[in-house]
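One-letter residues, chain by chain:
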Amino acid sequence: MSIFNRQTVAAFLLGSTLVVGVGAFAVERHMGMGGTHAAIDAGAHMDRMLKHLYVEVDATDAQKAKIEPLVKAAMADIKPLHQQVHQLHTQLIEQMSAAAIDRTALETTRANGLALADQASKRIVQLLADVGDTLTPAQRQKLAAHLSQMHGRHGHHG
């Protein structure tokens with residue numbers, strides 16, 4: 001396998017894992033899909049995360065009552081994608097372990113990974129729009145500023 005092919009495989013795995021896996025991980029951690037003890041801890045963590053959001057934007061009680069179910073629904077929608085990413089990863093490993101490289105199968109796996117990432121991305125954007133509809137323009141500006149600061153702190157630069 002050439003270096004380019006290894007880089008392509010690594011990019012596929014990284015990209016699909018980041019986009020879908022992070023969302024699913026958030027679901028498991030924040031909604032407690034990983035077991036009873038995790039449910040208590042994850043539920044508390046999601047509550048803290050939402051409280052932080054509410055403080056950042058000065059959310060009213062009415063806004064809080066609308067936002068929490070929106071976030072929970074989005075995380076529930078994204079969670080199944082996590083398992084699909086694991087299945088694609090397994091397929092990719094099997095394809096790379098085969099006696100002969102099936103480029104068509106690899107391309108199909110790559111395209112399926114991109115489709116999952118696109119599906120997760122669309123759902124996250126829908127969540128952002130739904131939450132944005134709940135907030136005032138001034139609150140959306142506060143949220144955007146906060147997200148921009150977080151983005152910079154985590155070392156992500158366009």
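Reference entry: report on the structure contained in this document.

Here helix α3 (residues 61-97) contains 37 residues, and its C-alpha end-to-end distance of 55 Å stays within 8% of the 54 Å for a straight helix at 1.5 Å per residue. For α3, every residue scored as buried is listed here: Q63, I67, V71, A74, M75, I78, L81, H82, V85, L88, L92 and Q95.

Here we take up the environment of L116. Inspection of the secondary structure assignment puts L116 in helix α4 (residues 103-134). According to the relative accessible area criterion, L116 is buried, its value standing at 5%. Spatially, the C-alpha atom of L116 lies 9.9 Å from that of L88, the residues being 28 residues apart in sequence.

This next bit is on α4. The end-to-end C-alpha distance of α4, which contains 32 residues, comes to 47 Å, matching closely the 46 Å that a straight helix rising 1.5 Å per residue would cover. Along α4, the residues classified as buried are L106, T109, G113, L116, A117, A120, R123, L127, V131, G132 and T134. Put simply, D102 is the residue that caps the front of α4, since its side-chain oxygen is 3.1 Å from the backbone nitrogen of T104.

L50, L53, Y54, V57, I67, V71 and L135 are the most contacted members of the largest nonpolar core, which has 15 residues in total. Elements that contribute at least two residues to this core include exactly α2 (36-57), α3 and α4. Setting aside chain neighbours within four positions, we find V57 in contact with L135, Q139, K142 and L143. Within the second largest apolar cluster, 5 residues are counted, among which are V85, L88, L116 and A120.

A separate point is the pattern of salt bridges. Going through the model one piece at a time under the given rule, you end up with 6 salt bridges. Among the salt bridges present, the one from K142 reaches D58, with a minimum N-O distance of 3.4 Å. Residue K142 is located in helix α5 (residues 137-153), and its partner D58 is located in the loop between α2 and α3; the two are separated by 84 residues in the primary sequence. For D58, a relative accessible area of 53% corresponds to the exposed category.

The rules behind each value
- Residues numbered from 1 in each chain as written.
- Predicted model: local features only at pLDDT ≥ 70, side-chain atom pairs only at ≥ 80, totals over all residues.
- Heavy atoms only, no water.
- Helix = DSSP H or I, 4+ residues; strand = E, 2+ residues; numbered from the N terminus.
- Expected span 1.5 Å × (residues − 1).
- Buried < 20%, exposed > 50% of the residue type's maximum accessible area, 1.4 Å probe, protein only.
- Polar contact = N/O pair within 3.5 Å; in protein donor to acceptor, adjacent residues only side chain to side chain.
- Core = buried A, V, L, I, M, F, W, Y, C linked by side-chain atoms within 4.5 Å.
- Contact = heavy atoms within 4.5 Å.
- Salt bridge = Lys/Arg side-chain N within 4 Å of Asp/Glu carboxyl O.

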